[in-house]
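Coordinates in review
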Amino acid sequence: MQKLDKAFYEREDVVKIAKQLIGKVLVTNFDGVITSGRIVETEAYNGAVDKASHAYNNRRTKRTEIMFGEGGNAYVYLCYGIHHLFNVVTNIKDVPHAVLIRAVEPLEGIDTMLERMKKTKLDFSIGRGPGNVSKALGIATHHTGNTLFGKDIYIADDGVKIPTKNIIASPRIGVDYAAEDAALPYRFYLRNNGYVSGKKQI
């Protein structure tokens, strides 16, 4: 597997990056315990001009400051006080773009994932939905700021090619507060994959 490099993350088009992350492999390696999953659902957040983004209108807070850093870092935030949501920071410094990883299909370390999720057998809930992505892969808010070029957390290309026709675009989930931006087709998912969360097109 080849780790995605800085050039991949520092491009201007966060929507294109979100689409191209479908099929890539998200890997964690904590204390020698490796878990990984193929990314099957993402959402793009287009920074200062996107009303759904935490950084809309260049809003800078202690939480969002990492979004204004260089592309290729992890942004992990807490949702509803319980779910740790993993995002990839993209673009260059001071342009706060990010991609939320909404779902993965488990690949390596499934026994560890089951243990983390307190389950005894594999089912579609392992890695379905952004909270479960982090739970299965052992990612938490203290990983915010981690580089994606080290060994702890990274995304790699294992050579699997996803036909463009199998990647579906739709509006994002849970962003009704974003007015007209809620309708933007910034969510991408793999057609007919059971690990995809939310509504799917037939």
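Residues numbered from 1 in each chain as written. Predicted model: local features only at pLDDT ≥ 70, side-chain atom pairs only at ≥ 80, totals over all residues. Heavy atoms only, no water.

What counts, and what does not: UniProt positions are given in the numbering used here, feature names are shortened, and annotations may be inferred rather than shown by experiment.
In the nomenclature of an unreviewed UniProt entry, the protein chain corresponds to Putative 3-methyladenine DNA glycosylase from the organism Pinibacter aurantiacus. Under Sequence similarities (unreviewed entry), UniProt gives the following word-for-word description of the protein chain: "Belongs to the DNA glycosylase MPG family."

Remarks on the environment of Asp111
Here is the rule: Here a strand is any run of E in DSSP of at least two residues, a helix any run of H or I of at least four, and the numbering for each starts at the N terminus.
Within the secondary structure, Asp111 sits in helix 3 (residues 110-116). Sequence separation between Asp111 and Gly81 is 30 residues, and the spatial gap between their C-alpha atoms is 26 Å.

A word on the side chain of Ser53
The line we're drawing: The contact criterion used throughout is that any non-hydrogen atoms of two residues lie within 4.5 Å.
Residue placement: Ser53 occurs in the loop between strand 3 (33-45) and strand 4 (74-79). Excluding anything up to four places from it in sequence, Ser53 contacts Tyr45, Gly47, Arg59, Met67 and Pro96.

Here's the deal with the packing of aromatic side chains
As a reminder of what qualifies: Two rings belonging to Phe, Tyr or Trp (six-membered ring only in the last case) form a pair when the distance between their centres is within 6.5 Å. Interplanar angles under 30 degrees mark stacking, angles over 60 mark edge-to-face geometry, and anything in between is tilted. Throughout this description, buried means an accessible area under 20% of the type-specific maximum (1.4 Å probe, protein chains only), exposed means over 50%, and partly exposed covers the range between.
Counted according to the given criterion, the structure contains 4 aromatic pairs. Ring geometry for Phe8 and Tyr9: centres 5.4 Å apart, planes at 85°, overall edge-to-face. Judged by relative accessible area, Phe8 falls into the buried class, the value being 12%. Classification of Tyr9 as buried rests on a relative accessible area of 0%. Judged by centre distance (4.9 Å) and plane angle (80°), the ring pair of Phe124 and Tyr195 falls under edge-to-face. Highlighted residues: Phe124 in the loop between helix 3 and helix 4 (130-137) and Tyr195 in the segment after strand 9 (187-190), separated in sequence by 71 residues. Given a relative accessible area of 8%, Tyr195 falls into the buried group.

Focus on the nonpolar core
Spelled out, the test is: What makes a nonpolar core is a set of buried Ala, Val, Leu, Ile, Met, Phe, Trp, Tyr and Cys residues whose side-chain atoms join them at distances within 4.5 Å.
Counting residues in each nonpolar core, the largest one holds 41 residues, and the members touching the most others are Leu21, Leu26, Phe86, Ile101 and Ile155. Sequence-distant contacts of Ile155, that is, excluding residues within four places in its chain, are made with Gln2, Lys3, Leu4, Tyr9, Leu21, Lys24, Val25, Leu26, Ile39 and Val88. Judged by nonpolar contacts, the second largest core, of 16 residues, contains Tyr45, Ile66, Phe68 and Val175.

As for the side chain of Glu43
For Glu43, the position within the fold is in strand 3. Note on Glu43: relative accessible area 0%, which makes it buried. Once residues within four sequence positions are removed from consideration, Glu43 is found in contact with Ala18, Ala98, Val99, Leu100, Arg102, Arg172, Ile173, Tyr186 and Arg187.

A word on the layout of surface pockets
Worth spelling out the cut-off: Definitions used throughout: a 1 Å grid over protein atoms alone; a cavity as a set of points that fits a 1.4 Å probe which cannot get out; a pocket as an open set with protein on both sides within 12 Å along at least five of seven lines; a lining residue as one with an atom within 4 Å of a point. Grid points are joined across faces, edges and corners, and a volume is the space filled by probe spheres set on the points. We call Asp, Glu, Lys and Arg charged. Ala, Val, Leu, Ile, Met, Phe, Trp, Tyr, Cys and Pro are nonpolar, and the rest, Gly among them, are polar.
In this structure, the largest pocket encloses a volume near 530 Å³. Tyr77, Cys79, Leu85, Ile173 and Gly174 are the residues nearest the centre of the largest pocket, which is lined by 27 residues in total. Counting residues per element, the ones that place at least two in the lining of the largest pocket are strand 3, strand 4, strand 5 (83-90), strand 6 (97-108) and helix 4. For the lining of the largest pocket, the element with the highest residue contribution is strand 4, accounting for 4 residues. Broken down by class, the residue content of the lining of the largest pocket amounts to 16 nonpolar, 6 polar and 5 charged. Of the voids in this model, the second largest pocket is the one considered here, and its volume is about 160 Å³.

Quick word on the pattern of salt bridges
Note the cut-off: Counted as salt bridges are all cases of a side-chain nitrogen of Lys or Arg within 4 Å of a carboxyl oxygen of Asp or Glu.
In this structure the tally under the stated criterion is 12 salt bridges. In this structure, Arg60 engages Glu65 in a salt bridge whose closest nitrogen and oxygen atoms are separated by 2.7 Å. The class for Glu65 is partly exposed, based on a relative accessible area of 37%. A salt bridge links Asp123 to Lys119; its shortest N-O distance comes to 3.5 Å. For Asp123, a relative accessible area of 29% puts it in the partly exposed group. Taking relative accessible area as the criterion, Lys119 reaches 32% and is therefore assigned partly exposed. Sharing partners across several salt bridges, the network here consists of Glu41, Glu43, Arg102 and Arg187.

Considering unusual backbone geometry
As a rule of thumb, non-glycine residues mostly have phi less than zero, and peptide bonds are mostly trans rather than cis. Residues other than glycine seldom take positive phi values, yet Asp94 does so here, at roughly 75°. Summarising the element assignment, Asp94 is placed in the loop between strand 5 and strand 6. Using a relative accessible area of 42% as the deciding quantity, one classes Asp94 as partly exposed. A positive phi angle, near 60°, is found at Asn192, a position not held by glycine.

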